[in-house]
Amino acid sequence: MFCAAQPSTILVLGDSLSAAHNIPIDQGWVHLLDRKLSESHPGQWRIVNASISGETTAGGLTRLPAALLTHRPTWVLIELGANDGLRGLQISSMRGNLQRMIELAQAAGAKVGLIGIELPGNYGEAYRSRFRAVYADLAAQRKAPLLPFLLANIAGDLRNFQEDQVHPTAAVQGQIRDHVAQWLVPLL
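Residues numbered from 1 in each chain as written. Predicted model: local features only at pLDDT ≥ 70, side-chain atom pairs only at ≥ 80, totals over all residues. Heavy atoms only, no water.

Peer 1: Which residues make up the sheet that holds strand E4 (residues 111-115), and what values go with them?
Peer 2: Across the sheet, which stays open at both edges, the five strands sit in the order E2-E1-E3-E4-E5 with parallel pairing between neighbours. Each of the sheet's edge strands pairs with one partner strand only, and the pair in question is strand E2 (45-49) and strand E5 (146-147). Where strand E3 (residues 75-79) lies against E4, four bridges are found, and the strand directions are parallel. Each bridged residue has a counterpart across the sheet, and for tryptophan 75 the counterpart in E4 is lysine 111. Against the sheet, helix H2 (residues 57-71) contacts strand E1 (8-14), E2 and E3, and its axis sits at roughly 165° relative to E1. Here helix H4 (residues 91-107) sits on the sheet and contacts E1, E3 and E4; the angle it forms with E4, its principal contact strand, is near 155°. (Pairing = 2+ DSSP bridges. Helix = DSSP H or I, 4+ residues; strand = E, 2+ residues; numbered from the N terminus. Contact = heavy atoms within 4.5 Å. Axes fitted to C-alpha atoms, helices over the stretch in contact; angles between N-to-C directions.)

This is how it looks when you write it as structure tokens:
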């Protein structure tokens, strides 16, 4: 009897920016990307969203081993670090956690995509520069494709954000999806 192949899994490990904070989950960029891939690559890919609002790199590192065992992903997209930065946590700790997550995912046979974030200007250019460099350095060292800034295509307009001026509105989630898809789809 013929058995159809199961779609390959893309695991998204992120924070509130990927967890559809304060908007319906089916309007978030991760869900929209899953729908887009199911239309453009029928039966080939499915996305598991393991993102949690408030998540730090330490929390992601703690949760990743179980997620790797449960979902056996082909790709792991790591979108973490924003909460580390916003809380002023040690950049060296963030870097170590991200590096370990990349190593664990690669050791499990998954390809890793790293999705960076930019901190607001009030964090000072020295801290912001060191923060930004973590993503570029790890991507180069671990040969992981990098999307430097998840919100690059919407960040310039405050109307794209909820009242907290941190989380994107439902109206711009499709733009974030398209930004991620433009980077990700050629890698698949």
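Having seen the structure, we can now continue with the description.
Peer 1: Describe the pattern of salt bridges, naming the residues involved and giving the relevant values.
Peer 2: Inspection of the entire model under this criterion finds eleven salt bridges. The residue glutamate 103 makes a salt bridge to arginine 142 at a minimum N-O spacing of 3.9 Å. Taken as a pair, glutamate 103 in helix H4 and arginine 142 in helix H5 (residues 125-142) lie far apart in primary sequence, 39 residues in all. Residue glutamate 103 is classed as partly exposed on the basis of its relative accessible area of 22%. A relative accessible area of 27% places arginine 142 in the partly exposed class. Salt-bridge contacts for glutamate 118 lead to arginine 132; the nearest nitrogen and oxygen are separated by 2.8 Å. With glutamate 118 in the loop between E4 and H5 and arginine 132 in helix H5, the pair connects residues that are 14 residues apart, well separated along the chain. Relative accessible area serves as the criterion here: at 30%, arginine 132 is assigned to the partly exposed category. (Salt bridge = Lys/Arg side-chain N within 4 Å of Asp/Glu carboxyl O. Buried < 20%, exposed > 50% of the residue type's maximum accessible area, 1.4 Å probe, protein only.)

Peer 1: Explain H4 to me, using residue names and the numbers behind them.
Peer 2: Look at H4: 24 Å from first C-alpha to last across 17 residues, which is about the 24 Å you get at 1.5 Å a residue. Looking at H4, one finds that the buried residues are Ile91, Met94, Asn97, Leu98, Met101, Ile102 and Ala105. All buried residues of H4 fall inside an arc of 135° around its axis, so they share one side. Set apart from the buried face of H4 by more than 90 degrees, the exposed residues are Ser92 and Ala107. Looking one or two residues past H4, glycine 109 carries a phi angle of roughly 90°, positive in sign. (Expected span 1.5 Å × (residues − 1). Arc of directions from axis to C-beta.)

Peer 1: Tell me about the side chain of glutamine 173, residues and numbers included.
Peer 2: Considering the arrangement of structural elements, one finds glutamine 173 in helix H6 (residues 173-184). Within the structure, glutamine 173 has its side chain in polar contact with the backbone nitrogen of tryptophan 29 (distance 2.9 Å). Setting aside chain neighbours within four positions, we find glutamine 173 in contact with Ile23, Gln27, Gly28, Trp29, Leu32 and Pro168. (Polar contact = N/O pair within 3.5 Å; in protein donor to acceptor, adjacent residues only side chain to side chain.)

Peer 1: How would you explain the pairing of E2 if you had to name every residue and give the values?
Peer 2: In terms of strand pairing, E1 meets E2 through five bridges, oriented parallel. Directly across from serine 8, in E2, lies its bridge partner tryptophan 45. With helix H1 (residues 29-40) bridging E1 and its parallel neighbour E2, the resulting β-α-β unit is right-handed. (Right-handed = clockwise from strand over helix to strand, strands pointing away.)

Just geometry here; none of it tells us what the structure is for.
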